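# Architecture at a glance
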Amino acid sequence: MKFAAALRGRRQVRTVSIPGYGTGEPLPADLEAAADRLAGTLIRRFEGRPFALAAYSSGGWVAHELVRRLEKAGAPPAALVLLDTLQSAGTAMIRGMSVLTRRLMDRFPQLPVLDDQLTAMAWYAQLLEGWRPLPVTTPTLLVSAAEDSTLIELLGDDARADWPLEHIRTEVAGDHFSMLEEYAEPTALAVHEWLREHCASRRERSARQRYSGGAR
């Protein structure tokens, strides 16, 4: 909410829930089923209008699968923004997600956590066990927190925000949690500025291509 509030007047921000986290909502059989459901939702919502997709922490893994599905459907996003996402799920997903969720619950006790949400978290942990991202053509921005000691303390030396595929990286203040709390505004503005520059560059390239095509 703080991330979205910082973009008020600059960008429209909408959320989409991951299948299975709603009360009584069925869990997806696999990641492909989850990506299909999300892709259908976004295609209907934007109806061909440009949008960028942003996701936080392990949500970036599901978002990357969603991008692959949208590319196959011929409706890719303008960009994928990964907010402090690790490079892969590794082989200790359930422990890692459990540790991070417990830290979030301790830090923000006012947030309601329902049984269905905890069940969904455990289910996705199993689906993501050992997951690795496959290449996409959508431009990707990795926004990493300057203070990575928090994740290392919780998950070990390999727990640094990174991405194994082609991407642009920028760093913002705070740690894995505070980058969207105390430092939510500078995080949001860093994403906003990159998207503005990225979209401007794409428009310029398209204009040059159209001009070149006309000249021939």
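### Focus: the environment of Leu7
Assignment of secondary structure puts Leu7 in the loop between α1 (2-6) and α2 (31-46). For the pair formed by Leu7 and Val191, sequence separation is 184 residues and the distance between their alpha carbons is 9.6 Å. Once residues lying within four places of it in the same chain are set aside, the contact partners of Leu7 are Val13, Ala188 and His192.

### Looking at the confidence of the model for the protein
Across the protein, the average pLDDT comes to 86, with 83% of residues at or above 70. Looking over the protein, one finds the lowest element-wise mean pLDDT in helix α6 (residues 149-155), namely 69, and the highest in strand β2 (residues 79-83), namely 97.

### Remarks on the sheet that holds strand β1 (residues 52-56)
Strand order in the open sheet made by the four strands is β1-β2-β3-β4, with parallel pairing throughout. Bordering the open sheet on either side are β1 and β4 (168-172), each of which pairs with just one other strand. With direction set aside, neighbouring strand axes in the sheet form an average angle of 20°. Two strands pair when backbone bridges link them, and strand β3 (residues 140-145) and β4 are joined in this way by five bridges, in the parallel orientation. When the bridges of β4 are listed, Leu141 appears paired with Ile168. Taken strand by strand, helix α3 (residues 59-72) contacts β1 and β2, and its axis lies near 155° from that of β1.

### What about the pattern of salt bridges?
Tallied over the entire structure, the rule returns five salt bridges. Among the salt bridges present, the one from Glu47 reaches Arg49, with a minimum N-O distance of 3.9 Å. Note that Arg196 is salt-bridged to Glu193, the shortest N-O span being 2.5 Å. With a gap of three residues between them, Arg196 and Glu193 both fall in helix α7 (residues 184-215), about one helical turn apart. Residue classification places Glu193 among the partly exposed residues on the basis of a relative accessible area of 32%.

Rules used in this analysis
Residues numbered from 1 in each chain as written. Predicted model: local features only at pLDDT ≥ 70, side-chain atom pairs only at ≥ 80, totals over all residues. Heavy atoms only, no water. Helix = DSSP H or I, 4+ residues; strand = E, 2+ residues; numbered from the N terminus. Contact = heavy atoms within 4.5 Å. pLDDT = per-residue confidence, 0-100. Pairing = 2+ DSSP bridges. Axes fitted to C-alpha atoms, helices over the stretch in contact; angles between N-to-C directions. Salt bridge = Lys/Arg side-chain N within 4 Å of Asp/Glu carboxyl O. Buried < 20%, exposed > 50% of the residue type's maximum accessible area, 1.4 Å probe, protein only.

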